[in-house]
Structures are given as structure tokens and as C-alpha cells.
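Summary of structural features
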Amino acid sequence: MHRRNFLGTAALAATALMLPIAGSRHALAATLPKRLLPPPLNPGDTVALVSPSAATDDPFDLQLAQEAMEALGFKVKVGPHLAARRGHLAGSDAERAGDLNAMFADKEVKAIICARGGSGAARLLPLLDYDLIRRNPKVLLGYSDITALHNALLSQAGLVSFHGPIGSGSWNRFNADQFRRVFFDRELMRYQNITDTGDELVQRRNRTVAITGGKAQGELVGGNLSVLVALAGSPYLPDFTGKILFLEDVSEAPYRIDRMFSTLKLMGALDRIAGLVFGECTDCDPGDGYGSLTLPQIFDDHIKPLKIPAYRGAMIGHIRQQFIVPVGGRVEMDADAGTFRLLEPVFQA
């Protein structure tokens, strides 16, 4: 092919790829799956424990995960490859995807709890049966690397899923209470950080800080920042138009956080969101000396110019006490108050 013809063809292809972004919202909406709510959970239901990402170092952690689910009032079905290992992964891609597909197909199973995060969930996205999932919607719970699954389920099946504690994580009083309120009581949750002054004169822990004040409404999308950005250019990201973006991360140097926000800006995501809720960035402090931007400076550079409501410090992320957040749920956020609340139920009636 002559170079000029090639360039012309490439330009047409690039234009076609950009059309869903440049076109009308109505045209884009026609290509997206309708939002799908999972059936509600009740004590006595059967839940499945699966490992879509990394293998578990200590098998005892899997026993603790099962005991935690039983303590919450469930019967537990264990994925066939829950304790498998292939390198750092909990079995081969086919095995891990097979466990997920099987648990969505299993009529007895009412929810799927991810035993842990780590790395590897994105490898499963082309192997999931989204038609099967649409026919059998159910709760999926996890965070960190499970961000890949949350975004794929929303973009490919329209399914609302839940960003929150993993099976082998801490099921402290706060997390267990969140679980019961979200899944058993089915509250229209208002997410507000708990007050914890400890022995301090003023509260230091669990403080929220407004980046830009104001209120906004929209569906929640997001999760772990590094996992989300790693999906850039794939079909597994949902549309960001009019959404409330929530983010968190762990053990990332500020220059990497800056790079990831730059990616979100370059791909057009930041310019389309209605608001931002940033959780905790655990162990993301700059190193010694003056060689790094700080997180507040990064927010000033990337978020303040958007002139949308935004705040940081929400109890979302790699922390012991964390919110259970519906990915795809419709919320209203108040950046000045440092809160967001559900506007609609996130379970089938």
C-alpha cells in the first residue's frame, strides 16, 4: 500500500474510533448496555468465594474468608481454583475466568466475593461470558485489582457491582456494619467519614478536604487508579460522560499518580466527568528532598481547572475501615461536606 493511501486509511480509522466521543450522547447511549441491578441478598443465601487475581500466600487466609462470610450469615461455595497457583496468579487465566463464569451461572449462588486483589484480573476480561452475566446478574464484591472486573461488568453487561472489602481482608465492626446496611437493609446510603479524634485536640484521621466546592449528581465509576488507567484504550472502560469518578491507590509515588492523571486527561475522561471523589492514597508520600510534586499540587494541576465539585479523603481504598460503594450506582456528592449519597436503589425490587 502507498504511504499516502495508508495515511488516509489510518486517518479514517482514527476518525471512526473518535466518533463515539465526538458524537452526541444519544448516539453513544445507544451503544451502551442498559444498567442492570443485581437481586438483593439475604441472610442464609449462598455466596461464592473466588480468586480472580493473585494467589493467596497463606491458605489460612482463605479459611478466614470463608469463616467471615459464614459469620455474616451466609452459606459458602468455594470456587474450584480458589487456592490454585500459577506464578503470582491464582491459577491460569482460563481457570480463574471459568470460576467466575461458573458462579454467575450457578442458580444457587446469590453473590460472588473476591478473596483478594493483587494483579491479574484484567487478563480475564476477554474470557468472561457477558451474555451469561446479563442473564444472571448478581452481586460482585472486591476492590483494588478487582477494579478491572467492576469496569468490565459495567461497560459490557451494564451490571452494578460493589467496590469494598475482599474476603480475606479485615471484617472489623465498621466493614461488617457497612455490609449489612448495604446488602441486607438495602439503605440509600449516605457515605460520610466517621469522626475519630483519638487523643488529638482536632480531628486528623478520616478528614476530607474540598478541592473544589459544590454538589454534583451522576453514576459512580472508578476504583483503583492504576488498574483503571491500565484499561485505557480497551473496550472495558465505561463512558465517563456526566459520571462521578471515585479513585484510590496504594504505594504509588506522586510522579506516577501525576502520570496517571495525565493519562486520564489525554484520553478525555477528566473533561467529561461531573465530579470527583478521591479516597485514600496509602503510602503515596513524596520521597526525601524537593524532587517530587505533592498530591495536593497534582490535584491543583489536574482537577481544579475542571471547575467541578471534587474532594479528597473519603474512606475508600487500602484502609482498614472502608465504604462499600456501588459502581454504577447513582449518587449526589457534596464536596464541601465531604459526602456522597445514593439517589436510587442498587438492587432489583
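Details of the structure are given in the entry above.
All figures in this text were calculated on a predicted structure; none of them were measured in a lab.

Take the sheet that holds strand β1 (residues 46–50) next. Each strand in a sheet pairs with another by means of backbone hydrogen bonds, the pair being arranged parallel or else antiparallel. The sheet built from 6 strands is open, its strands ordered β2-β1-β3-β4-β5-β12 with mixed pairing. Each edge of the open sheet carries a strand with a single partner, namely β2 (75–78) and β12 (325–327). Geometrically, the sheet is characterised by an average inter-axis angle of 30 degrees between neighbouring strands, direction not taken into account. Bridge count between β1 and strand β3 (residues 109–114): 5 bridges; the pairing is parallel. Bridge pairing in β3 links Leu49 to Ile113.

As a further point, take the pattern of salt bridges. Per the counting criterion, the structure on display carries 16 salt bridges. A salt bridge links Arg181 to Glu187; the shortest N-O distance between them is 3.0 Å. For Arg181, a relative accessible area of 24% corresponds to the partly exposed category. The structure contains a network of salt bridges with shared partners spanning Lys77, Asp106 and Glu108.

This brings us to the packing of aromatic side chains. One pass over the full model with this rule turns up 16 aromatic pairs. On the basis of an interplanar angle of 75 degrees and a centroid distance of 5.7 Å, the ring pair of Phe74 and Phe179 is categorised as edge-to-face. Of the two residues, Phe74 sits in the loop between α3 (59–71) and β2 while Phe179 sits in helix α7 (residues 173–184), which places them 105 residues apart along the sequence. Between Tyr191 and Phe340, the ring centres sit 4.6 Å apart and the planes meet at 20 degrees, which makes this aromatic pair stacked. Here Tyr191 is found in strand β6 (residues 190–192), whereas its partner Phe340 is found in strand β14 (residues 339–342), with 149 residues between them in sequence. Comparing Tyr191 with Phe340, the two get one shared label, buried. Through a chain of ring-to-ring contacts, three or more aromatic side chains come together here, namely Phe74, Phe162, Trp171, Phe179, Phe183, Phe184 and Phe347.

The next point concerns unusual backbone geometry. Here the phi dihedral of Ser144 falls at roughly 65 degrees; this positive angle occurs in a residue that is not glycine. With respect to the secondary-structure elements, Ser144 resides in the loop between β4 (139–142) and α6 (147–157). The class for Ser144 is buried, based on a relative accessible area of 13%. Phi is positive for Asn206, which is not a glycine, with a value near 60 degrees. Within the secondary structure, Asn206 is located in the loop between β6 and β7 (209–212).

A few words now on the state of the cysteines. For the structure shown, the criterion picks out 1 disulfide. The side chain of Cys281 participates in a disulfide bridge whose partner is Cys284; the two sulfur atoms lie 2.2 Å from each other. For the disulfide bridge between Cys281 and Cys284, the dihedral angle about the S-S bond is near -75 degrees, and by the sign convention the bridge is left-handed. Classification of Cys281 as buried rests on a relative accessible area of 12%. Under the relative-accessibility criterion, Cys284 is labelled buried at 1%.

Read from one edge of the open sheet, 8 strands run β6-β14-β13-β8-β9-β10-β11-β7, paired in mixed fashion. Of all strands in the sheet, those bounded by a partner on one side alone are β6 and β7. Across the sheet, the mean angle from the axis of one strand to that of its neighbour is 30 degrees, orientation sign disregarded. Pairing of strand β8 (residues 215–224) with strand β9 (residues 244–250), which is carried by 5 bridges, proceeds in the parallel orientation. Residue pairing for β9: Asn224 is matched across the bridge by Glu248.

Conventions we followed
- Residues numbered from 1 in each chain as written.
- Predicted model: local features only at pLDDT ≥ 70, side-chain atom pairs only at ≥ 80, totals over all residues.
- Heavy atoms only, no water.
- Pairing = 2+ DSSP bridges.
- Helix = DSSP H or I, 4+ residues; strand = E, 2+ residues; numbered from the N terminus.
- Axes fitted to C-alpha atoms, helices over the stretch in contact; angles between N-to-C directions.
- Salt bridge = Lys/Arg side-chain N within 4 Å of Asp/Glu carboxyl O.
- Buried < 20%, exposed > 50% of the residue type's maximum accessible area, 1.4 Å probe, protein only.
- Phe/Tyr/Trp six-rings, centres within 6.5 Å; stacked < 30°, edge-to-face > 60°.
- Disulfide = S-S within 2.5 Å.

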